[in-house]
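# Observations on chain architecture
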Amino acid sequence: MGSDNFFNKHREERRKRKENVERQRSSNWLVVCEGAQTEPNYFRGAVSAINEGLEDKYKLKVKIVGKGMNTISLVKSVEDLLNDIDEYKTSTIPYGKIFVVFDKDSFSPESFDKAVSMCEKNGYIPLWSNQAIEYWFLLHFNYIEARMDRTLYESKINEYFKIAGLKYKYRKNDEEIYSKLSKYGSLGQARKNASRIHLNHDKDTPSNSESCTTVYKFFEEVDERLKELE
């Protein structure tokens, strides 16, 4: 009888440890960005805003890395990155979710589509934009489905900010870009716009989906995480 109690106690302890690891794993995310400034700045701002209303034990722990690499090279670098990050090497808890952020820009359709496919095959969540992440920024202000060359994004962003009441000159290294977009635009509207447009391209390859972005999926994952805490 005593031995049964002993094993039951240890089974219960193992169960609790396993549940604790699962909870921690789901809070540890990795975001690997193609750009070295624009995307990391945006996601740092987003994570900071998300964590503001959460207790310390529930806050998202997100490692955000700007690699300065293009499509396929970026995706290939993720596995090496996992082995190089100190937090990953010293922790027994792997990342619950891994996001890879990259743009179509001027890369070939084949390279872009292959990068998306590689992400999905490896279990990463691709947050791609065709043509660039600034298209996602524009969706905070307006529904834009017509083709628009990325060289027009900057002036259009400035125009929308001006209409919203902020005299602004867009800079790719703006560390406050998330808060500006949230204050003068609408994250909720951007998510709805992006989701609807992406659905309209459900028969197209990513390279043929212009203008389109899947950055909204990051916030869908955030919603799922917050539901777990309810």
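Please refer to the structure higher up on the page.
For the structure given in this document, a descriptive report is provided here. (Residues numbered from 1 in each chain as written. Predicted model: local features only at pLDDT ≥ 70, side-chain atom pairs only at ≥ 80, totals over all residues. Heavy atoms only, no water.)

## Regarding the nonpolar core
For clarity, the cut-off: Definition used in this section: a nonpolar core is a set of buried Ala, Val, Leu, Ile, Met, Phe, Trp, Tyr and Cys residues joined via side-chain atoms within 4.5 Å. Throughout, exposure labels follow a simple rule: accessible area from a 1.4 Å probe, protein chains only, divided by the maximum for the residue type, with under 20% read as buried, over 50% as exposed, and the rest as partly exposed. Here, residues are in contact when the closest pair of their heavy atoms is within 4.5 Å.
Grouped together as the largest cluster of nonpolar side chains are 64 residues, with contacts concentrated most on V31, Y42, F43, F102, W136, F137 and F218. Among residues more than four places away in sequence, those in contact with W136 are Y42, L187, A190, R191, A194, T213, V215, Y216 and F219.

## Digging into the environment of N41
Heads up, the condition is: Segments assigned H or I by DSSP are reported as helices when at least four residues long, segments assigned E as strands when at least two residues long, and all are numbered from the N terminus.
Tracing the backbone shows N41 in helix α2 (residues 38-52). Not counting chain neighbours up to four residues away, the residues in contact with N41 comprise K172, N173, D174 and E175.

## Thoughts on helix α8 (residues 177-184)
Our working rule: In this description, the arc belongs to the directions extending from the helix axis to the C-beta atoms.
Along α8, the positions that sit buried rather than exposed are I177, Y178, K180 and L181. For α8, the angular spread of the buried residues around the axis is 165°, confining them to a single face. The inward-facing, buried residues of α8 abut α2, α6 (133-138), α7 (153-164), α9 (187-200) and α10 (216-228).

## What to know about the pattern of salt bridges
Rules: Between Lys or Arg on one side and Asp or Glu on the other, a salt bridge is scored when a side-chain nitrogen of the former is within 4 Å of a carboxyl oxygen of the latter.
Scanning the entire structure with this criterion turns up eleven salt bridges. Two residues, K156 and E159, come together in a salt bridge whose shortest N-O distance is 3.6 Å. A residue pair is termed a helical-turn pair when its members lie 3 or 4 positions apart in one helix, as K156 and E159 do in helix α7 at three residues. On the basis of relative accessibility, which here comes to 37%, the residue E159 falls in the partly exposed class. Across the salt bridge formed by R171 and D174, the nearest N and O atoms sit 3.7 Å from each other.

## A few points about the sheet that holds strand β3 (residues 97-103)
The test is simple: Should DSSP find at least two bridges between two strands, the strands are regarded as paired. Axis definition: a line fitted to C-alpha atoms, limited for helices to the stretch in contact. Angles are taken between N-to-C directions and run from 0 to 180 degrees.
Read from one edge to the other, the open sheet built from five strands follows the order β2-β1-β3-β4-β5, with strand pairing classed as mixed. Strands at the two margins of the open sheet, each flanked by one partner only, are β2 (61-66) and β5 (212-213). Sheet topology note: the strand β1 (residues 28-33)/β3 ladder contains five bridges and is parallel. Bridge pairing in β3 places V31 opposite F99. Along the sheet face, α2 touches β1, β2, β3 and β4 (125-130) and points at about 170° away from the line of β2.

## Focus: helix α5 (residues 109-122)
Inclusion rule: One less than the residue count of a helix, multiplied by 1.5 Å, gives the span that helix is expected to have.
Taking 1.5 Å per residue as the helical rise, α5 with its 14 residues ought to reach 20 Å, and the 20 Å between its terminal C-alpha atoms agrees with that figure. Those residues of α5 lying buried are F112, A115, V116, M118 and C119. For α5, the angular spread of the buried residues around the axis is 160°, confining them to a single face. Of the residues in α5, the exposed ones pointing more than 90 degrees away from the buried face are E110, E120 and K121. Taken from the residues just after α5, G123 is the one with a positive phi, measuring 85°.

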